[in-house]
Amino acid sequence: MPVFSRVFFAVAALSAVPDACAQEAQPEPPTAAEQAFAAEQARDYGLDSDAVLAILAKAQYQQSIIDAISRPAEAVKPWKEYRPIFITDLRRDGGIAFYRDNRELIDKVAAEFQVAPSVIVAIIGVETSYGKITGKYRVLDALSTLAFHYPPREKFFRGELSQLLRLNDGQLAFPIDELRGSYAGAMGWGQFMPTSIAKFARDYDGDTRIDLWNSRPDIVASIASYFQGHGWEPEGPVAVRVKPAEGAREITPANTEPVYPLQQLVDWGYVPAEHFDPQRPATLLKLEGEEGTEYWITFQNFYVITRYNRSPMYAMAVKQLAEQIAAGVEDAGP
């Protein structure tokens, strides 16, 4: 039964409770913002506004969530400090072991979705250390706190909260008010937001539920589906480091979207050691590494990784961890 049918019946049942219970502590009345949000859900999606408010009444404000989102690591650390968080022997070895333990599944999914298997594994490694750290917050608390108490991104988080309420919890691993995830409301081994679950999550084990916590087939296939859906190029390059020629043109791209033909970057003094199609779309990335500024030419697949997390440092960490995992698996043999 969809969540709203269940909540509606629960609300109706509460009205029949004896008067003695009415003397118990009552929940805080909904705020004007919550009432407006509930009305929008009824108007735009046909949800029952009372049921929406009943669910929101279960949410608890968490100041620690506001504190956490105000200081994400990629916003305050340079690459030379960010990289050691994710590129470690432990994470590399964990990825090699995870790949080898699940190789048949991972290779099957990678071939079906045409996504690099090592990148799928690296995402799980970077996001949750192969399922060890999936988040301690109730997703309902996280999304409600950010939707109604974090003005810089309230529109985004209200959209995610709306999508959470529209997910049929009969198709998920747990009821929506029991789901746990990150401070931003991301869930499971791959840390999917509600809109990503709706668009890209897959029931790959065929049990009629999407379980991003306990089903490795669902986890692996959902990540692969996400990358395929964002335009991953099979066998395409991700990024290559370059040394600028003397007098190379200084450019500062606005983001990681590959908007220049590679030949343009070559003409400006950024010549990769490897050969690529001169017309392949690319862009330039600068990172502050241990030995100074690093220059990278990045391609479509790097941009796709940034659709998972918009930080270029995140994407570079995934790229480098994936390469280490692939090399380790290959060295270890079948």
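Structural data are supplied above this passage.
Since we're looking at a predicted model, the values are computed, not measured.

**Some remarks on the overall build of the protein**
Broken down by element type, the protein carries 16 helices and six strands. Within the protein, buried positions represent 47% of all 334 residues. When contacts within the protein are restricted to residue pairs at least 6 apart in sequence, those whose partners lie at least 24 apart make up 69%. Surface exposure of the protein reaches about 16700 Å², of which carbon and sulfur atoms provide 50%.

**What about helix 10 (residues 139-149)?**
Judged by how many residues are buried, helix 10 sits mostly within the fold: 10 of 11 residues are covered. Residues of helix 10 that are buried: Val-139, Leu-140, Asp-141, Ala-142, Leu-143, Ser-144, Thr-145, Leu-146, Ala-147 and Phe-148.

**A word on the pattern of salt bridges**
In the structure shown here, the tally under the stated rule is 11 salt bridges. Note that Asp-44 is salt-bridged to Arg-43, the shortest N-O span being 2.8 Å. You can call Arg-43 exposed: its relative accessible area is 62%. Between Arg-158 and Glu-154 there is a salt bridge, with its nearest N and O atoms 3.7 Å apart. Here Arg-158 and its partner Glu-154 are both found in helix 11 (residues 154-166), four residues apart, which amounts to about one turn of the helix. With relative accessibility at 23%, the residue Arg-158 sits in the partly exposed group. Where salt bridges share partners, they join Asp-89, Arg-92 and Asp-93 into one cluster.

**Examining the sheet that holds strand 5 (residues 281-289)**
Here we have four strands laid out as an open sheet, ordered 3-6-5-4, and antiparallel in their pairing. Of all strands in the sheet, those bounded by a partner on one side alone are strand 3 (239-242) and strand 4 (260-261). Bridge analysis of strand 5 against strand 6 (residues 292-298) gives seven bridges, and the strand direction is antiparallel. Bridging from a neighbouring strand, Glu-288 pairs with Thr-293 of strand 6. Packing of helix 6 (residues 79-86) onto the sheet brings it into contact with strand 5 and strand 6, and relative to strand 5 it is tilted by some 95 degrees.

Rules used throughout
Residues numbered from 1 in each chain as written. Predicted model: local features only at pLDDT ≥ 70, side-chain atom pairs only at ≥ 80, totals over all residues. Heavy atoms only, no water. Helix = DSSP H or I, 4+ residues; strand = E, 2+ residues; numbered from the N terminus. Buried < 20%, exposed > 50% of the residue type's maximum accessible area, 1.4 Å probe, protein only. Contact = heavy atoms within 4.5 Å. Areas by Shrake-Rupley, 256 points an atom, 1.4 Å probe, with all protein chains shown as cover. Salt bridge = Lys/Arg side-chain N within 4 Å of Asp/Glu carboxyl O. Pairing = 2+ DSSP bridges. Axes fitted to C-alpha atoms, helices over the stretch in contact; angles between N-to-C directions.

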